[in-house]
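# Architecture at a glance
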Amino acid sequence: MIEAPTFIARLSGSAEMQGEILFSPLNLELCQAQWTCLLGASGVGKSTILRLFAGLETHVNFKGKIESNDGLALAPKIAYMAQSDLLLPWANILDNVMIGAKLRGQQLELERANEILERVGLADQSHKKPTQLSGGQRQRAALARTLMEDKDIILLDEPFSALDAKTRSEMQDLAVDLLKNKTVLLVTHDPAEAARLAHTILVMTRDNLTPMPVPDGAIPRFVDDPKTLQAQGHLLKYLRTMS
Amino acid sequence: MNKILQSICIFLVVIALWQLIVSLSGLPRFILPSPMRVADAWWQNRDLIFTHSFYTLTEILIGLMIGSFLGIITAIQLAYSKYARILLRPILIFSQALPVFALAPILTLWLGYGLWSKVAMAVLIIYFPVTSAFFDGLMRTPSGYLDLAKTMQASKSAVMRHIRIPAALPNLASGIKLAAVYAPIGAVIGEWVGSSNGLGYLMLLANGRAKTDLMFAAMITLGVLSVVLYVIADKLAHRLVPKRQL
């Protein structure tokens, strides 16, 4: 018997911005060790959902609740990675990777940071400043920083959208490999990315959250897998009917 | 190299223009001395000028250090607390609205004719630009960094230390560069009001004795001093703050 995945975090409610509805009541559950991809038109509130989960400022009036399965606060379980790598330009890559511990006043785990940098392929770049790295390398460093946080829930806000196609697909493979057993919410504009990475695909509109069919197979799915390509096409078609 | 050549050319053009005005206008030398006469006065009085420059430079450097330190502390306090902003900001702006010339006699009365009344003038004049520039930088930390820090459960003081202050260093560098130019003005105003040392005093003394060439020599020395201070502050800023941030 296959056990139904249990949610680890859930957001239910609606949001208004300056008196206008941003999104109607919805229910979004993040399931344990699964990738949930959230798609939708620009300005529909995808990033707002992500920021609400992260406990960040949103400038919207949210009515509802955000909860974790164990009833404890969600914020300490979350790591966040944005479209911009947010690497501190004055600090080297190693210091950027360890910034979380520094900000919490904890002991720095140098050995672990070096190990993670090795896993993302930046071991020999650890003493460089972010400006000395390429876009792809910078996102790898940001991923290393996210891994260093060692949190259960990872929120990804279009982290690979600024990268070229080749680097993007490599980063997707790396992210799936390194974020194994993590619960991931990925906000993306890219149907191909969703088709490759998602266990659950949700398309968000002002009125609802629509689950979409997901191709079979383990993630990351092959870029040329017919079922993945079919799912990508279907998703794109659906997104086009919305506009 | 090009920059140095450019500066030398501009300097030579200014000197030539000055000489031209002197030659064409036929003004007496106690009204407008020629560049050669000023250079001669500088050479003849070089020991005197060096001694007084040393006093002024000491006042400027101590003023710069104290003023920058106070400006940095104030900016951090203002950025830290809303209440500090409500309380201190009006005082800060009010302090700038007061003409420093008006304060100079009082400061001399309170602190005496020595070094400290001039240091106080320099501090007063640079405190606002340093505070204002650094505070602006502290309040303009890119929101992405602050979001990231929040998701990392950072404390307010840790965010200040590891993110807001480093992110605002280019602004602080701009404030200190401005301060390096303003500080000599403060010190010299102080010397004009009451002193027996410094380039300001020397200018006043030379002016009173109609030694306009010496007055010009002292004034040019002060100008060169300010430029050198600015260049040093600029170089330090480039060394302390990563290039991409400036």
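The structure this text deals with has already been given above.
Residues numbered from 1 in each chain as written. Chains lettered and ligands numbered in written order. Predicted model: local features only at pLDDT ≥ 70, side-chain atom pairs only at ≥ 80, totals over all residues. Heavy atoms only, no water.

## So, helix H6 (residues 115–139) of chain B
Counted only if it meets this: Segments assigned H or I by DSSP are reported as helices when at least four residues long, segments assigned E as strands when at least two residues long, and all are numbered from the N terminus. A helix is expected to reach a length of 1.5 Å times the quantity of its residues less one. Using a 1.4 Å probe on the protein chains alone, a residue whose accessible area is under 20% of its type maximum counts as buried, one over 50% counts as exposed, and one in between counts as partly exposed.
In this model H6(B) runs 35 Å from its N-terminal to its C-terminal C-alpha over 25 residues, within 8% of the 36 Å that 1.5 Å per residue would give. Across the 25 residues that make up H6(B), a large majority, 18, are buried.

## Structural notes on the interface of chain B and chain A
Spelled out, the test is: Residues are treated as being in contact if the distance between any of their heavy atoms lies within 4.5 Å. Note on terms: buried area is the combined drop in 1.4 Å-probe accessible area of two parts once they are placed together, counting the loss on both. In the sections that follow, a salt bridge refers to a side-chain nitrogen of Lys or Arg positioned within 4 Å of a carboxyl oxygen of Asp or Glu. The definition of a polar contact used here is a pair of N or O atoms within 3.5 Å, where within protein one atom must be able to donate a hydrogen and the other to accept one, and adjacent residues in sequence count solely through side-chain atom pairs.
Residue-level contacts link 20 residues of chain B with 22 residues of chain A. A buried area of about 1900 Å², summed over both sides, lies between chain B and chain A, and 69% of it is on carbon and sulfur atoms. Ranking the residues of chain B by area buried against chain A places Tyr145(B), Thr151(B) and Met152(B) at the top, with a combined share of 33%. Across the salt bridge formed by Asp147(B) and Arg51(A), the nearest N and O atoms sit 2.8 Å from each other. Joining chain B to chain A, the criterion identifies five residue pairs in polar contact (both at pLDDT 80 or more). Within the residue set of the side of chain B that touches chain A, elements represented by two or more residues are helix H7 (143–151) and helix H8 (156–193) of chain B. If you tally residues by element for the side of chain B that touches chain A, the top one is H7(B), at seven residues.

## Things to note about the pattern of salt bridges
Residues and elements named next belong to chain A. Per the stated rule, a full pass over the model turns up 17 salt bridges over all chains. Put simply, Lys-63 and Glu-16 hold a salt bridge, and the shortest N to O gap is 3.6 Å. Residue Lys-63 is found in strand E4 (residues 61–68), and its partner Glu-16 is found in strand E1 (residues 7–17); the two are separated by 47 residues along the sequence. For Glu-16, a relative accessible area of 26% gives the class partly exposed.

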